[in-house]
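Commentary on secondary and tertiary structure
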Amino acid sequence: MTKTTEAWAALDDRGVVPALSGLIDGTGMWRPGALGAIERTGRFLTGTWDPPGPEGEDGPGIAGEGSWVRFIGRIGAVALRAAAPSTRPERRERLLALLEMWAESPFADPGARLRTGIAVTERLAVRDERGAAVSVGWSGQGRRKFVDLRTGDAEPPGLGEIEEVAEVPRGWGSAEQLRRLVALVRERGPVPWDREAVSLLRERTGLGRPAASLALAGMLERMYVPFLDDQERATLRLKVAEAEDGSSELARLRAAGRLELVADALPDDPAELWEPGGMRGVAERLAEAWRARYGARTVVPERTFDAVVELGLLRVSAAEFCAAFTGPAAEAGLSAPLDTWIKNSDYGPLLTDAQWDIMRFEERLHSVVPNLGWVYAALPAGDPVREGAPGLVRLLLERLDHPGLLLRAGHPAAGLGRTAADLHDRFGFRPYAGPERLDVASIDDGLTVVTDGAVDRRGYQGPPRLYFRPAFYGDDERSRTLAAVTSGFHREDLPIVEWLRGPACARIVERIESASLPAGAYESNPAASAPEVVARVAGTLGIDEDAAALYLQLLAVPAPTDRNVRTWNGWKAPQHQKAAGVLVERGLVTEDTRPRAGRKVFLPGEWVHAKKPYQPMEAWKAELIGLRRSYNGRLENPLPLPTRTLPELFAHAWALVEKGEGPA
């Protein structure tokens, strides 16, 4: 063993896995000794290392599950992460060690005739005058990943029957480039972070700023465990929520896709990275690779993106949320009519489709639609996300009208039955006939499908599951039966379908399309969206219109925080404080400090507390907008889908006050 090899071995511990996380698969299969196994594989292929055992069949060892062979021709992805300033020192050392070792291997030789693939074999290695082949992954059903090297004109020796094989790509990462980059990092330290490069990547692709930052740092992702610490986030200029959102946006990419994107992003001469604007060249090349594979999304204003991040969406990233509005026809799950059906699974009946696009479709239903009212109310006229809402709604309605779409309708209300047989009197006796015969009893009346619940290991059978075809859901007896059976909580997709087809959604779409607001104005500002109501309030109460507008916002808007009000109304602090002072002086509101309120004036009456992510507010207002309290009296439910446009809600709230039914 050489002195250099000893140095690599000293670094070769479990720290290699998190250092490479997101660029390799099967991280749980990686063990200490990975770098040494990769090095010995290269040396065996070139004939400079002989393993123990007859004919070399013991092999050089297995590194992980073999996904490291994808680094051949794509090692630039590892190099970018090694040079990035956000990479923590202990991980950087392991990445640099890998690059140093790689530079001495045939994997960095553009002239080496290498191939990778899958062979039916249990052999570990073979070598003769024609070349060599090495198993690089654990056996799965008698198959192994392999890499081979041809040294003559004939085919190299084989480990067994080859099922898949491909020449390796040739990209950035010659031995000279790798040695130079490693030397520069050790001499100058990591590459300086460049926010302009992040902006450039964002503008060229439509990626969110956090995702663009993580991409330029070497495609970091959530399994980079532990994820970004305080110092790493500070380097990338990311808050905790932003870092989580960025990793969520990139989570759709698999390790192979990450490698492909950044493999050739580095300059031919690594020294350019330390020059002014060096990282901008990386951003340009990465953007070109991204657009070639995924196209480009509409770039939304930074303030809009940041506001969406603050929503704390669980199912989609902020960029995916915005893209659903700005380019819905290009989004997975929305781009084409969706045929779904019910199949068997180990956990009972499962809703599926040919491409698993139903997951994407339901992500949009349950993340985008419930926040469509927020888009309408909290984003200014002219914002591309807000302006895209009518198009999104029309596309969703079109998809819901597709006869082949089957969605979830939850469970029957309590007391209506524990099996599908208990519901025969409501839905008939015809069983569901899908692509495969179900293992459980079922009913299908053309609109509703009922299946028995799964039986768990203790023998307990879950309640029946209900599904429905939204294309046939409307104003008929079958639909009324389904609505009655599912009354109560946990109706899953039904309420969203009903709201999208309902009058409130139609009127919100009409408000957006009517262009009744000037560009930059907010619907949440009653002076802009309901000036006649503001005038009535001002005249009746004998106050100025600023105070009247603020009073309406306190009455009707769920979160009239100081920051929100000043944004919506275009006010500076003194103007806001003056309007609030008028309301306090007239006894219409009280001054106070309350947790998570974000404001100092409140309507009289009971205050209802809530923990994140829910919004605390006055009890009168919660009742006005239809927000249910939890069993403990707190607000622990998401905001309901709006039943009125904001001008209608402002008018309704003021009408209640005029009738003596206001907050008190």
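Our structure's up above, just so we're on the same page.
Residues numbered from 1 in each chain as written. Predicted model: local features only at pLDDT ≥ 70, side-chain atom pairs only at ≥ 80, totals over all residues. Heavy atoms only, no water.

What about the overall build of the protein?
- Secondary structure summary: the protein contains 29 helices and 15 strands in total.
- Counting only C-alpha atoms and orienting by the principal axes, one finds that the protein spans roughly 95 × 70 × 40 Å.
- Partitioning the contacts of the protein with sequence separation of at least 6, the portion at a separation of at least 24 is 68%.
- Accessible surface for the protein amounts to roughly 29,300 Å². Of this, 51% is attributable to carbon and sulfur atoms.
- Computed over 83 positive and 93 negative side-chain charges, the separation of the two mean positions in the protein equals 3 Å. (Helix = DSSP H or I, 4+ residues; strand = E, 2+ residues; numbered from the N terminus. Contact = heavy atoms within 4.5 Å. Areas by Shrake-Rupley, 256 points an atom, 1.4 Å probe, with all protein chains shown as cover. Lys, Arg positive; Asp, Glu negative; His and termini not counted. Charge placed at Lys NZ, Arg CZ, Asp CG, Glu CD.)

Examining helix α20 (residues 477–485)
- Inspection of α20 places S479, T481, L482 and V485 among the buried residues, and these make up the whole buried set. Buried residues of α20 fall within an arc of 160° about the axis and therefore sit on the same side. (Buried < 20%, exposed > 50% of the residue type's maximum accessible area, 1.4 Å probe, protein only. Arc of directions from axis to C-beta.)

A few points about the side chain of D493
- Tracing the chain through its elements places D493 in the loop between α20 and α21 (494–500).
- No salt bridge is formed by the buried D493. Its closest oppositely charged neighbour is R408, at 4.9 Å.
- A polar side-chain atom of D493 sits 2.9 Å from the main-chain amide nitrogen of R408.
- Excluding anything up to four places from it in sequence, D493 contacts E362, L365, H366, L407, R408 and F468. (Salt bridge = Lys/Arg side-chain N within 4 Å of Asp/Glu carboxyl O. Polar contact = N/O pair within 3.5 Å; in protein donor to acceptor, adjacent residues only side chain to side chain.)

Some thoughts on empty space enclosed by the protein
- Scanning the model with the defined rule gives 2 cavities of 30 Å³ or more in all.
- Size it by volume and the largest cavity reaches roughly 90 Å³.
- The wall of the largest cavity is formed by 13 residues, among which G206, T298, V300, A319 and C322 lie closest to the centre.
- Here the lining of the largest cavity gets 4 residues from one element, more than from any other, and that element is helix α14 (residues 318–326).
- Of the residues that constitute the lining of the largest cavity, the class distribution is 7 nonpolar, 4 polar and 2 charged.
- Lining of the second largest cavity is provided by L80, A83, A84, P85, V191, P192, W193, L216 and M279. (1 Å grid on protein atoms, 1.4 Å probe; cavity = no way out; pocket = protein on both sides within 12 Å on 5 of 7 lines; lining within 4 Å. Points joined across faces, edges and corners; volume = space filled by probe spheres on them. Nonpolar A, V, L, I, M, F, W, Y, C, P; charged D, E, K, R; others polar.)

Some details on the state of the cysteines
- All told, the structure shown has 0 disulfides when counted by the stated rule.
- Unpaired in this structure, C505 has its nearest cysteine sulfur neighbour in C322, at a distance of 18 Å.
- Here C505 falls in the buried class, since its relative accessible area comes to 1%. (Disulfide = S-S within 2.5 Å.)

Remarks on the side chain of R115
- Structurally, R115 is set in strand β1 (residues 113–120).
- Residue class for R115 comes out buried when judged on its relative accessible area of 12%.
- Reaching out from R115, the side chain makes a polar contact with the side chain of D148 at a distance of 2.8 Å.
- Apart from the residues within four sequence positions on either side, R115 is in contact with F146, V147, D148, E155, P156, I162, V165, A166, E167 and V168.

Things to note about the environment of R81
- Inspection of the secondary structure assignment puts R81 in helix α4 (residues 76–83).
- Taking the relative accessible area as the measure of exposure, R81 reaches 0% and is therefore buried.

Describing the pattern of salt bridges
- What the rule picks out here adds up to 49 salt bridges.
- We note a salt bridge from R186 to E100, for which the minimum N-O separation is 3.4 Å. Here the residue R186 occupies a position in helix α6 (residues 175–188), and E100 occupies one in helix α5 (residues 89–103), the gap between them amounting to 86 residues.
- The exposure class of R186 is partly exposed, given its relative accessible area of 42%.
- Judged by relative accessible area, E100 falls into the partly exposed class, the value being 28%.
- With its nearest N and O atoms 2.8 Å apart, the salt bridge here joins R629 to E606. Of this pair, R629 sits in the loop between α28 (619–625) and α29 (646–658) while E606 sits in the loop between β13 (601–602) and β14 (607–608), and the two are 23 residues apart along the sequence.
- What makes R629 partly exposed here is its relative accessible area of 37%.

Re the sheet that holds strand β8 (residues 407–410)
- The 4 strands are arranged β8-β11-β10-β9 in an open sheet whose pairing can be described as antiparallel. Each edge of the sheet is formed by a strand with only one pairing partner; in this case those strands are β8 and β9 (442–444). For this sheet the average axis-to-axis angle between neighbouring strands, irrespective of direction, equals 25°.
- Across 4 bridges, the pairing between strand β10 (residues 448–451) and strand β11 (residues 465–468) is antiparallel. Among the inter-strand pairings, T451 is bridged to a residue of β11, identified as R465. (Pairing = 2+ DSSP bridges. Axes fitted to C-alpha atoms, helices over the stretch in contact; angles between N-to-C directions.)

Quick look at the layout of surface pockets
- Taken as a whole, the second largest pocket encloses approximately 650 Å³ of empty space.
- R252, Y294, R297, E320 and E331 are the residues nearest the centre of the second largest pocket, which is lined by 22 residues in total.
- Every element with two or more residues in the lining of the second largest pocket is listed here: α12 (278–294), α14 and α15 (357–367).
- Among the elements that make up the lining of the second largest pocket, the one with the highest residue count is α14 (3 residues).
- When its residues are assigned to classes, the lining of the second largest pocket shows 8 nonpolar, 6 polar and 8 charged.

A short note on the nonpolar core
- Core analysis: the biggest nonpolar cluster contains 107 residues, and F325, F361, L407, F468, L500, Y551 and L583 have the highest contact counts within it.
- Considering every element that reaches this core, the biggest residue donor is helix α25 (residues 545–556), with 9 residues.
- With near-sequence residues (within four places) excluded, Y551 lies in contact with V537, L541, L583, L588, V589, L603, W654 and V657.
- With 91 residues, the next largest nonpolar core counts V78, A82, A103 and W290 among its residues. (Core = buried A, V, L, I, M, F, W, Y, C linked by side-chain atoms within 4.5 Å.)

A short note on the packing of helix α7 (residues 195–205) against helix α8 (residues 209–216)
- The geometry of α7 relative to α8 is characterised by a closest axis approach of 9 Å and an angle of 115° between their N-to-C directions. As summarised for this structure, α7 and α8 are arranged roughly perpendicular, according to the angle between their axes. Once α7 is placed against α8, the crossing between them reads as right-handed. From α7, A197, V198, L201 and R202 reach across to α8, where they touch R209, A212, S213, A215 and L216. (Parallel < 35°, antiparallel > 145°, perpendicular 65-115°, else oblique. Left-handed = near helix turned anticlockwise from the far one by under 90°.)

Looking at unusual backbone geometry
- Between K612 and P613 the backbone carries a cis peptide bond, its omega angle lying at 10°.
- Relative to the assigned elements, P613 resides in the loop between β14 and β15 (617–618).
- Positioned with a positive phi, M219 is a non-glycine residue whose angle comes to about 60°.
- With respect to the helices and strands, the residue M219 is situated in the loop between α8 and α9 (230–236).
- For R237, which is not a glycine, the phi torsion comes out positive at approximately 60°.
- Within the element layout of this structure, R237 appears in the loop between α9 and α10 (240–250).

Details of the packing of aromatic side chains
- Scanning the model with the defined rule gives 8 aromatic pairs in all.
- Ring centres of W290 and Y294 lie 4.8 Å apart, and the angle between their planes is 55°; this geometry places the pair in the tilted category. One end of the pair is W290 and the other is Y294, both in helix α12 and 4 residues apart, which spans about a single turn.
- Aromatic side chains F468 and Y473 sit 5.7 Å apart centroid to centroid with 70° between the ring planes, which places their arrangement in the edge-to-face category. There is no split in this pair, since F468 and Y473 are both buried.
- Counting every residue linked through ring pairs, the aromatic cluster contains W68, F71, W102 and F107.
- We note R594 situated over the ring of F602; from NZ or CZ to the ring centre the distance is 4.1 Å. (Phe/Tyr/Trp six-rings, centres within 6.5 Å; stacked < 30°, edge-to-face > 60°. Lys NZ or Arg CZ within 6 Å of the ring centre and 35° of its normal.)

Spatial relationships are all this shows, so hold off on functional conclusions.
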